[in-house]
Amino acid sequence: MCKIAFLLVFLMFSTLGFSQVLTVAESSNFESTSNEKDVNDFIDKITKNSKIVRFETLAVSNEGRNIPLLIIADPLPKSTKDIKNDKRIVVYIQANIHAGEVEGKEATLMFARDVLAGKKKDILKNVIFLICPNFNADGNEKISPLNRTHQNGPKNGVGLRYNGQMLDLNRDAMKLESPEVNGLIKALNNWDPQIFVDCHTTNGSYHEEPVTFTWMMNPAGDRSLIDFMEKNMMPAVSNILLKEYKVENCFYGEFIDMGKPEKGWIAEAVEPRYIVNYVGVRNRLSILNENYVYADYKSRVLGCYGLLNSIADFASLHATEIKSLIKTVDQRTINKGLNPTESDSFPIEYKNSALPEKISIKTYEVEPKADTTGWDKYQKTDRKRTVLVSYFAHYDAVVNVKYPFAYLLTIQDPTVIDLIKRHGIRVGKLSKSQSFIVDKFKIKDLSPVLHMNQGHYNNSIVGSFSKDTMEFKAGTYIIRTSQPLANLASYLLEPQSDDGFVFWNVLDKFLVPQWGMGFNAYPVYKILNKVEIEETEVF
């Protein structure tokens, strides 16, 4: 019996009490989705009396709702301090970040139930699961059939994309303005999951496969981890999902031109404001799941459920390999920061290119709509067509800056320091005044965009680096790159970063004088070469 058939039988006929608890999706014959009470009631039922699960609150939303987090392990670690020496791999699964995209919410609940019922008993020997099924609880409570009307079910409607602050949580990873994402980053710092999964529903190109997924691609992350996903884990997960769980799938993307699919299939949005790429810049493995919006609701939920099982299967089988790979990457990052070479650099601009192997997409022929432009200019026909196309999903740097030994931050703003701290980046303070040869950045132009984005007028900056010998006072903050999160620190602090402090207006008040023209000195300086630094660690 194939695994998908077994799983369906298991769901229907298991003799374990709570395994017969059904999600709202299942109990409604896949016509409805769960509200907050439904989610919490379901969690209460499946976790009652279990010794292998602990319920925690990941965060409290803007509207006062608790964001649930399930820790499932056998045995349960007593605290996150025990994780460092635990042979098991930690897998974090998150759903409903956009509360109109609900399949992951239902699938993660089903997955948690079945793990607790013993379905993944062998896998629990190698894996600790962290599961957050309702990340955007505020958006989820606005369920209405008027939301995402182009989506094929559920009939009772879905929630809203944004949270209670009207923020897109999947744009908040760098600026950390929402309680939900702050809670997530705290969990990443405490639990340090080796694999991160974020469940969504796609909007876009027409195809048959109900499940799509891809991986972190930002080139600021360690290339060996990106290569591992591109060449090893993701093709294997795709194969497991198709052969073992009988779910058609393809890598996530869109046709460059729906009318001419031979131009290729492209994955975009690789900045670390998107949480999957943020995790990649932290040098961990991450997976973006995008369930196909035009597939029926049942196929989307069951397809996502199959994907979660496929990821779990691979993670268990390769736990030792993945942990070893990440340990090597962390040490390599630390070593690079201990003594940067002239060739070490950090990417500030990058380009996309096609992977060596083409991929197959089961699509449809389309016809142009009258008087319509943009992404919605085509309408799907019933004529099916399978195409073999290039997958544009490999990003390489085209512009780099020098990678430093350390950054010096000369402002004493507690909000800026607190933001760095919340990311988990280690910061020290000079214990006495010292002089260093530094690269300093001179601003030539600083321009905000015309249209607000997530409550910000994002900046673009023009300028150049020059060398100088400068004295820095005792108490100046110092961020060394000899730490595991060095890539993230660089992404935040480099002035020309496409997703850092300058872009998100964090430093605006320090960059422009209150009177007069021109610009102030950029308050972050780079020590390029290894030097002795007298410092005390702040955190």
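The structure reproduced in this document is the subject of the present report. Since the structure is predicted, the reported quantities are computational estimates derived from the model, not experimental observations.

## Things to note about the environment of Thr23
Piece 1. By the secondary structure assignment, Thr23 is in the loop between helix H1 (3–13) and helix H2 (24–27).
Piece 2. Along the chain, Thr23 and Ser34 lie 11 residues apart, while their C-alpha atoms are 7.6 Å from each other.
Piece 3. With residues near it in sequence (within four places) discarded, Thr23 still touches Phe42, Glu106, Leu109, Met110 and Arg113.

## What about the packing of aromatic side chains?
Piece 1. Evaluation of the coordinates by the stated rule reveals 18 aromatic pairs.
Piece 2. Ring centres of Tyr92 and Phe196 lie 5.2 Å apart, and the angle between their planes is 5 degrees; on these two criteria the pair is classed as stacked. In this pair, Tyr92 is assigned in strand S3 (residues 89–94) and Phe196 in strand S5 (residues 195–201), connecting sequence segments 104 residues apart. As far as the burial class goes, Tyr92 and Phe196 line up, both buried.
Piece 3. Both rings, one in Phe436 and one in Phe472, keep their centres 6.2 Å apart while their planes meet at 40 degrees; by these two values the pair is tilted. Of this pair, Phe436 sits in strand S17 (residues 434–448) while Phe472 sits in strand S18 (residues 459–472); the two residues are 36 residues apart in sequence, bridging distant segments of the chain.
Piece 4. On the basis of relative accessible area, Phe436 is assigned to the buried category, the value being 4%.
Piece 5. Using a relative accessible area of 3% as the deciding quantity, one classes Phe472 as buried.
Piece 6. Every member of this aromatic cluster is reached through a ring pair, and the members are Phe213, Trp215, Phe251 and Tyr391.
Piece 7. Seen from the ring of Tyr364, Lys380 lies directly overhead, with NZ or CZ sitting 4.4 Å from the centre.

## So, helix H4 (residues 103–116)
Piece 1. When the terminal C-alpha atoms of H4 are compared, their 20 Å separation across 14 residues agrees well with the 20 Å that a helix rising 1.5 Å per residue should span.
Piece 2. Downstream of H4 by a residue or two, Gly118 has a phi angle that is positive, lying close to 105 degrees.

## Quick word on the side chain of Glu26
Piece 1. Within the fold, Glu26 resides in helix H2.
Piece 2. Judged by relative accessible area, which is 14%, Glu26 ranks as buried.
Piece 3. There is a polar contact of 2.8 Å between the side chain of Glu26 and the side chain of Arg113.

## Details of a nonpolar patch on the surface
Piece 1. Together, Val449, Met452 and Tyr457 make up a nonpolar patch on the protein surface, roughly 280 Å² of accessible area in all.
Piece 2. For Met452, the position within the fold is in the loop between S17 and S18.
Piece 3. By relative accessible area, Met452 is classed as partly exposed at 48%.

## A look at the sheet that holds strand S9 (residues 265–266)
Piece 1. The mixed open sheet is built from four strands, whose spatial order is S8-S9-S14-S11. Strands at the two margins of the open sheet, each flanked by one partner only, are strand S8 (254–255) and strand S11 (345–354).
Piece 2. Of the pairings in the sheet, the one linking S11 to strand S14 (residues 391–402) comprises nine bridges and is antiparallel in character. Bridge assignment links Ala354 to a residue of S14, and that residue is Phe392.

Calculation criteria
Residues numbered from 1 in each chain as written. Predicted model: local features only at pLDDT ≥ 70, side-chain atom pairs only at ≥ 80, totals over all residues. Heavy atoms only, no water. Helix = DSSP H or I, 4+ residues; strand = E, 2+ residues; numbered from the N terminus. Contact = heavy atoms within 4.5 Å. Phe/Tyr/Trp six-rings, centres within 6.5 Å; stacked < 30°, edge-to-face > 60°. Buried < 20%, exposed > 50% of the residue type's maximum accessible area, 1.4 Å probe, protein only. Lys NZ or Arg CZ within 6 Å of the ring centre and 35° of its normal. Expected span 1.5 Å × (residues − 1). Polar contact = N/O pair within 3.5 Å; in protein donor to acceptor, adjacent residues only side chain to side chain. Patch = residues over 30% accessible without salt bridge, like charges linked within 9 Å, V, L, I, M, F, W, Y side chains within 5 Å. Areas by Shrake-Rupley, 256 points an atom, 1.4 Å probe, with all protein chains shown as cover. Salt bridge = Lys/Arg side-chain N within 4 Å of Asp/Glu carboxyl O. Pairing = 2+ DSSP bridges.

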